Amino acid sequence: MEVYIDDETVSELVSKAKFRQKQGRAEEAIELLERALEVQISVGGASSVAVQKLSDELCDILNGCALKHLQHDELDDAFQLLQKAEVLSATNSVAAAVTFNNLACYYRRKSKVRRALSYLEKALRIETRCRVAVNPAGTR
C-alpha cells in the first residue's frame, strides 16, 4: 500500500527541521530534511524546483554539521555527511564548491594531502567559473 503525502506535510517536515537546527540539533534536522526530500521526490519528481531547494538546504546543513565533526576529530562522521553533501551538490555550483572545500579539509586532516589538493582545485575551478568566492575565510 502506497502512502500519499501532500505538500503541507513536506512543509511541516521542513519547519520542524528548521526549528531543530535553530535548537542546535542538526542531526535531527538532517533526518527531517532527508524525509522531506524523499517525500517531495515521490510527489513532484526528482527534477522539480522544490526538490532542488530542499537539496540545497540539506546540503548546507550537512556541510555545517560535517565541519563541527571535523573540529571534534570525528572524521568518520564528517566524511559520511560530506559524501551525502557531495551527491546533493551535483546541480548547485556554489554548494559543490563549499562541499569540495570541506572535503579538502577532511582529507588534509587524514594526511591525504594530494587528495585534499585535488578537491581544492575542483573548488577553485568552480569559483573561478562562477566568479564567486565561497566564503574563502571559512576554509579550515
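In the block above lies the structure referred to throughout.
Please read all numbers here as calculations on a predicted model, not as lab measurements.

**Q** How would you sum up the overall build of the protein? Please name residues and give values.
**A** Regarding its fold elements, the protein presents 6 helices and 0 strands. Moving toward the C terminus, one meets the helices and strands of the protein in the order α-α-α-α-α-α. Counting over 140 residues, the protein shows a buried share of 39%. Counting only carbon and sulfur atoms, one obtains 52% of the accessible surface of the protein, whose full area is about 8,700 Å².

**Q** Any details on a negative patch on the surface? Residues and values, ideally.
**A** Side chains of E27, E31, E74, D76 and D77 sit close together on the surface and give a patch of like negative charge. Contributions of two or more residues to the negative patch are made by helix 2 (26-44) and helix 4 (75-88). Taking relative accessible area as the criterion, E27 reaches 39% and is therefore assigned partly exposed.

**Q** Run through helix 5 (residues 93-109), naming residues and quoting values.
**A** The end-to-end C-alpha separation of helix 5 is 24 Å, in line with the 24 Å expected for 17 residues at 1.5 Å each. Taking burial as the measure, the 17 residues of helix 5 include 12 buried ones, the bulk of the element. Taken together, the buried positions of helix 5 are A95, A96, A97, T99, F100, N101, N102, L103, A104, C105, Y106 and Y107. Taken together, the buried residues of helix 5 touch helix 3 (49-71), helix 4 and helix 6 (113-130). The opening residue of helix 5, the one whose side-chain oxygen lies 3.1 Å from the backbone nitrogen of V94, is N92. Count one or two residues on from helix 5 and you reach S111, which has phi positive near 65°.

**Q** Any chance you could break down the packing of helix 5 against helix 6 for me, citing the residues and the numbers?
**A** Contact geometry of helix 5 with helix 6 gives a least axis separation of 8 Å together with a crossing angle of 160°. As summarised for this structure, helix 5 and helix 6 are arranged roughly antiparallel, according to the angle between their axes. Along this stretch, helix 5 crosses helix 6, giving a crossing that reads as left-handed. Along the contact surface, helix 5 presents S93, A96, A97, F100, N101, L103, A104, Y107 and R108, while helix 6 presents R115, A116, Y119, L120, K122, A123, I126, E127, R129 and C130. A class-by-class count of the residues in the contact of helix 5 with helix 6 yields 12 nonpolar, 2 polar and 5 charged.

**Q** I'd love a proper account of the nonpolar core, names of residues and values included.
**A** Among the nonpolar cores identified, the biggest contains 41 residues, and I30, L33, L54, L58, L62, L70 and F100 are the most heavily contacted of them. Elements supplying a minimum of two residues to this core: helix 1 (7-22), helix 2, helix 3, helix 4, helix 5 and helix 6. The contact partners of L70, leaving out residues within four places of it in the chain, are L75, A78, N102, C105, Y106 and R109.

**Q** I'd love a proper account of a positive patch on the surface, names of residues and values included.
**A** Judged by side-chain charge, K110, K112, R115, K122, R125 and R129 come together as a positively charged surface patch. Summarising the element assignment, R125 is placed in helix 6.

**Q** Can you explain the packing of aromatic side chains? Please cite residues and give values.
**A** This structure, assessed with the given rule, holds 5 aromatic pairs. Measuring from centroid to centroid gives 5.7 Å for F100 and Y119, while their planes differ by 50°, and the two rings are tilted. One end of the pair, F100, is in helix 5; the other, Y119, is in helix 6, with 19 residues separating them in the sequence. A residue is classified by how much of its surface remains accessible, and Y119, at 7% relative accessible area, is buried. Consider the rings of Y106 and Y107, whose centres lie 4.9 Å apart with planes at 75°: the pair is edge-to-face. Taken as a pair, Y106 and Y107 share a single burial class, namely buried. Of the aromatic side chains, those joined through ring pairs into one cluster are F79, F100, Y106, Y107 and Y119. Stacked on the ring of F100, the Lys or Arg K122 has its end atom at 5.3 Å from the ring centre.

Conventions adopted
Residues numbered from 1 in each chain as written. Predicted model: local features only at pLDDT ≥ 70, side-chain atom pairs only at ≥ 80, totals over all residues. Heavy atoms only, no water. Helix = DSSP H or I, 4+ residues; strand = E, 2+ residues; numbered from the N terminus. Buried < 20%, exposed > 50% of the residue type's maximum accessible area, 1.4 Å probe, protein only. Areas by Shrake-Rupley, 256 points an atom, 1.4 Å probe, with all protein chains shown as cover. Patch = residues over 30% accessible without salt bridge, like charges linked within 9 Å, V, L, I, M, F, W, Y side chains within 5 Å. Salt bridge = Lys/Arg side-chain N within 4 Å of Asp/Glu carboxyl O. Lys, Arg positive; Asp, Glu negative; His and termini not counted. Charge placed at Lys NZ, Arg CZ, Asp CG, Glu CD. Expected span 1.5 Å × (residues − 1). Contact = heavy atoms within 4.5 Å. Polar contact = N/O pair within 3.5 Å; in protein donor to acceptor, adjacent residues only side chain to side chain. Axes fitted to C-alpha atoms, helices over the stretch in contact; angles between N-to-C directions. Parallel < 35°, antiparallel > 145°, perpendicular 65-115°, else oblique. Left-handed = near helix turned anticlockwise from the far one by under 90°. Nonpolar A, V, L, I, M, F, W, Y, C, P; charged D, E, K, R; others polar. Core = buried A, V, L, I, M, F, W, Y, C linked by side-chain atoms within 4.5 Å. Phe/Tyr/Trp six-rings, centres within 6.5 Å; stacked < 30°, edge-to-face > 60°. Lys NZ or Arg CZ within 6 Å of the ring centre and 35° of its normal.

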